[in-house]
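Now for the letters of each chain:
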Amino acid sequence: MTTQGKAKIRITHAEPLGQGARLLRLERADGAALGFAGGQYVIINTGVTLPGGKLAKRAYSLLSSDAEQRAVEIAVKRIGAGPGSNVLSDIAVGGELEWSGPWGKLRLPDGFSGRALVVATDTGITAALGIARGAAAAGAERLDLLWLVESDAYFVSERFVRDRLPAAAHLSIASGFPPVGHPERPARAAAIAGELFAAGPCDAILCAGDGAVLYPLRDRLVSLGAPEGGVLLESFFNNPLKKSA
Ligand SMILES: Cc1cc2nc3c(=O)[nH]c(=O)nc-3n(C[C@H](O)[C@H](O)[C@H](O)COP(=O)(O)OP(=O)(O)OC[C@H]3O[C@@H](n4cnc5c(N)ncnc54)[C@H](O)[C@@H]3O)c2cc1C
């Protein structure tokens, strides 16, 4: 049975991924399937009450293949003293939390065929992996994945990504990308992604990660000929449409 909405999830496996990142395998406590498509995310209620009295609920994209709907995987980067990432970095195997989902429109459309370009910055690689791993089943003939990231130690490693990518996906990593907040990031992203876009017609463009980079990038790709409305974005942070994250 597939049920969208709130449920309890159990941590069934956890492993460290280098400095300050952790892979978690999750299953619904009632054993139901999630019914997600690659690129979608879940919202986890961390149980932490924020100073204003609200519960800290945080989104995490599913990086596992949507061919498996019961045991799913997320990767979490610890962000300073942030409540969500710290709870998930420390929770024990067997622990349970409440979640809701799957949510999100960052996915290949039903009946898709052709070339997909996926651009990820920073932790956005999780959503990109989810999309890439479901791409062949979703109808993609070719998928180019560009990851803009500071270094191999920033989050998951290049090896982690390559081990999970289907052979048909083409991965380019712009390692040495300036750190989050650096003013040159938008222009650098536009130059690198613009080159990939120019390499051939794209039928879908999907972007995940830093909103401060991805919104200007979408404008740039539209100015280069990408169809308006044909570039999908998921801001993991720095979402210009939100007053606070
Ligand atoms: C759709 C979606 C999918 C996401 N998927 C993932 C995922 O797969 N893995 C993951 O680790 N995180 C992911 N995130 C980010 C996650 O939801 C939290 O924002 C993050 O874990 C920090 O939460 P926190 O409570 O620890 O810190 P908070 O106190 O909430 O965060 C502190 C600040 O850091 C910002 N921030 C979040 N991530 C980063 C980053 N990488 N670099 C710099 N600043 C950042 C937040 O927006 C906030 O302004 C996703 C976010 C969204 C919206």
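Residues numbered from 1 in each chain as written. Predicted model: local features only at pLDDT ≥ 70, side-chain atom pairs only at ≥ 80, totals over all residues. Heavy atoms only, no water.

As recorded in an unreviewed UniProt entry, the protein goes by the name Oxidoreductase FAD-binding family protein, listed as coming from Sorangium cellulosum. Taken verbatim from the UniProt record of the protein, the Cofactor (unreviewed entry) comment is "FAD". (UniProt positions renumbered as here; feature names shortened; annotations may be inferred.)

Here we look at the pairing of strand β3 (residues 41–49)
As paired strands, β3 and strand β4 (residues 55–61) are joined by six bridges and run antiparallel to one another. By the bridge assignment for β4, isoleucine 43 is matched with alanine 59. Connecting β3 to the antiparallel partner β4 that follows it, the hairpin turn spans five residues, and glycine 53 within it adopts a positive phi of roughly 100°. Here four bridges tie β3 to strand β6 (residues 96–103), and the two strands are oriented antiparallel to one another. Across the sheet, the residue bridging to asparagine 45 is glutamate 98, located in β6. (Pairing = 2+ DSSP bridges. Helix = DSSP H or I, 4+ residues; strand = E, 2+ residues; numbered from the N terminus.)

Regarding the site of the ligand
Neighbouring residues of the ligand: 22 residues in total, closest Arg58, Ala59, Tyr60, Gly84 and Ser85. The separation between a nitrogen atom of the ligand and a polar side-chain atom of threonine 123 is 3.4 Å. Taking 910 Å² as the accessible area of the ligand by itself, protein coverage stands at 81%. Looking at the shell around the ligand, the elements with two or more residues in it are β4, β5 (72–77), α1 (83–90) and β11 (231–237). Looking at the shell around the ligand residue by residue, the classes come out as twelve nonpolar, seven polar and three charged. The residue makeup of the shell around the ligand includes at least three contributed by each of domain 1 (5–103) and domain 2 (114–237). (Near = heavy atom within 4 Å. Polar contact = N/O pair within 3.5 Å; in protein donor to acceptor, adjacent residues only side chain to side chain. Areas by Shrake-Rupley, 256 points an atom, 1.4 Å probe, with all protein chains shown as cover. Nonpolar A, V, L, I, M, F, W, Y, C, P; charged D, E, K, R; others polar. Domains from an automatic or database assignment.)

Overview of the packing of aromatic side chains
A full pass over the atoms with the stated rule returns zero aromatic pairs. The ring of phenylalanine 160 carries the charged tip of arginine 164 above its face, separated from the ring centre by 3.6 Å. (Phe/Tyr/Trp six-rings, centres within 6.5 Å; stacked < 30°, edge-to-face > 60°. Lys NZ or Arg CZ within 6 Å of the ring centre and 35° of its normal.)

With respect to the nonpolar core
Leu108, Ile125, Leu143, Val156 and Val161 are the most contacted members of the largest nonpolar core, which totals 34 residues. Among the secondary structure elements, those contributing two or more residues to this core are β2 (21–28), β7 (114–121), α2 (125–138), β8 (140–149), α3 (158–164), β9 (169–175) and β10 (204–210). Looking at this core, the element that brings in the most residues is α2, giving seven residues. Both domain 1 (5–103) and domain 2 (114–237) contribute no fewer than three residues apiece to this core. Leaving out residues up to four positions away in the same chain, leucine 143 has contacts with Ala116, Val118, Ile131, Ala132, Ala135, Ala168, Ala169 and His170. Within the second largest apolar cluster, 22 residues are counted, among which are Leu117, Leu146, Phe197 and Ala226. (Core = buried A, V, L, I, M, F, W, Y, C linked by side-chain atoms within 4.5 Å. Buried < 20%, exposed > 50% of the residue type's maximum accessible area, 1.4 Å probe, protein only. Contact = heavy atoms within 4.5 Å.)

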